[in-house]
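Structural overview for review
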Amino acid sequence: MIETQTLSQQQIQLAEQVTAHNYHPLPVVIESAEGAWVTDVDGRRYLDCLAGYSALNFGHGHPVLVAAAREQIERVTLTSRAFHTDKLGPFCRDLAALAGMEVVLPMNTGAEAVETAIKVSRKWGYDVKGVAADQANIIVFDGNFHGRTTTIVSFSTDPVARDGFGPFTPGFRIVPYGDVAAVEAAIDANTVAVLIEPIQGEAGVLIPPAGFLKAVRDVCTRENVLFVADEIQSGLGRTGSTFACELEGVVPDMYILGKALGGGIVPVSALVSSRAIMGVIRPGNHGSTFGGNPLACAIGHAVVALLETGEYQARAAALGEHLRKNLEALIGHGVVAVRSRGLWAGVDVDPNLMTGREVCERLMARGVLVKDTHGSTIRLAPPIVVEESDLDWMTEQLKAVLV
Ligand SMILES: *Cc1c(COP(=O)(O)O)cnc(C)c1O
């Protein structure tokens, strides 16, 4: 038989045979990448406008991050937390300082850091607030995305993420996103935390009404409830500031960080908080074999150093403004709404025109990689190293697809 498949088709067929179908990827097979651009196995180039769900805020193969990784790989990569390393302290010190906090608890994936935040909040509730044993509750929001563990999907409102995975973990109360009265009404004497995304990414880059985060912060302070900000996707430069909470003048009790903290090289997540709150965790209460490993710390430390200059935040803000203008010009031309903060945009395409998936497939054919979410919304989050001319070119492709 004559071989007529492209290299991409061969790889896709192989992956479909030997992997679980927990994703529905676009039919592109990436082989290499640099900055904001990726190249597939057949030599085609694409502008990466997903950036690993913001894990690649600094782009593919950032030379400073690659150098930090390479240097550390040759020294020591893993010791377990049974021993100290010379990389843990400096990373955690500088990350805490970047966040205006005191103490870091390093983990690996985002979901693990969310689980850690839930554990710390509950233990704080019992040890400090005085909640009766096993009675703690945590307020969460409609449309949330905090990860994929059994406890986290227990309070997901997405049936695809949740159905079939029970029995579920109790102790969560779901209220509408953006409704401060509902938050107040859901709080009782056993409430230990409000767990919130300052901008809901997976839900379609949903930005809460102005003043909402501040109002929730005030309620939390008044009721002695922890304000826990999941900034795994919104944090570390994406929105044009270090944290999305900053845009609303809000200081949380805990930040949950991940994604870009590992520079797109290794998974690095962390809980960042005060000494008083984190102090409830004692040796043996929590841990992770890989959490805080020296390779992760070396890369995370280099990421923090990139953010300390403010250069990336400023670039995301400036390019974001440009992107917003570009996208708003498409409203009425196949686009019904645009929501954006910094270099992060949710674009609602006219559902009568085509689905979000179709937009993504057609953009792919034109050399732009994006991801749809919830029907006819596409989400744009290119690496912050993207060029303004790339954004203009991408907008041209989107326009061509929608016309
Ligand atoms: C991606 C994400 C998570 C989960 O992170 P993983 O590394 O995939 O476990 C949690 N919360 C938010 C807001 C996210 O965007």
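Structure first, text after, so check above.
Source: prediction; values computed, not measured. (Residues numbered from 1 in each chain as written. Predicted model: local features only at pLDDT ≥ 70, side-chain atom pairs only at ≥ 80, totals over all residues. Heavy atoms only, no water.)

1. Overview of the sheet that holds strand 3 (residues 45-48)
The strands making up a sheet are joined through hydrogen bonds of the backbone, oriented either antiparallel or parallel. Rule in force here: By the convention used here, strands pair only if DSSP detects at least 2 bridges between them. Put simply, DSSP marks the helices as runs of H or I at least four residues long and the strands as runs of E at least two long, and each gets a number from the N terminus on.
One open sheet holds the four strands; their spatial order is 1-2-3-13, and the pairing between them is mixed. The open sheet has two free edges, formed respectively by strand 1 (30-34) and strand 13 (368-369), since each of these has just one partner strand. The pairing of strand 2 (residues 37-40) with strand 3 spans three bridges and is classified as antiparallel. Bridging from a neighbouring strand, V38 pairs with Y46 of strand 3.

2. Notes on the packing of aromatic side chains
So the rule is basically this: Note on ring pairs: Phe, Tyr and Trp rings are taken, using the six-membered ring of Trp, and paired if centres are within 6.5 Å. Classes follow the plane angle, with under 30 degrees stacked, over 60 edge-to-face and the rest tilted. Only protein chains enter the accessibility calculation, which uses a 1.4 Å probe; a residue whose area is less than 20% of its type maximum is buried, one above 50% is exposed, and one in between is partly exposed. We call a charge positioned over a ring when the NZ of a Lys or the CZ of an Arg lies within 6 Å of the ring centre and within 35 degrees of the ring normal.
If you walk through the whole model with that rule in mind, you get seven aromatic pairs. Here W37 and W393 contribute two aromatic rings whose centre-to-centre distance is 5.6 Å and whose plane-to-plane angle is 40°, an arrangement assigned as tilted. A residue pair is termed long-range when its members are at least 10 positions apart, and W37 in strand 2 and W393 in helix 15 (residues 388-402) qualify at 356 residues. Residue classification places W393 among the partly exposed residues on the basis of a relative accessible area of 31%. On the numbers, 5.9 Å between centres and 70° between planes, the contact of Y177 with F212 is edge-to-face. In this pair, Y177 is assigned in the loop between strand 6 (172-175) and helix 8 (180-186) and F212 in helix 9 (residues 212-223), connecting sequence segments 35 residues apart. Aromatic rings pair up to connect F141, Y177 and F212 into one cluster. When the ring centre of F168 is taken as origin, the NZ or CZ atom of R162, which lies over that ring, is 3.9 Å away.

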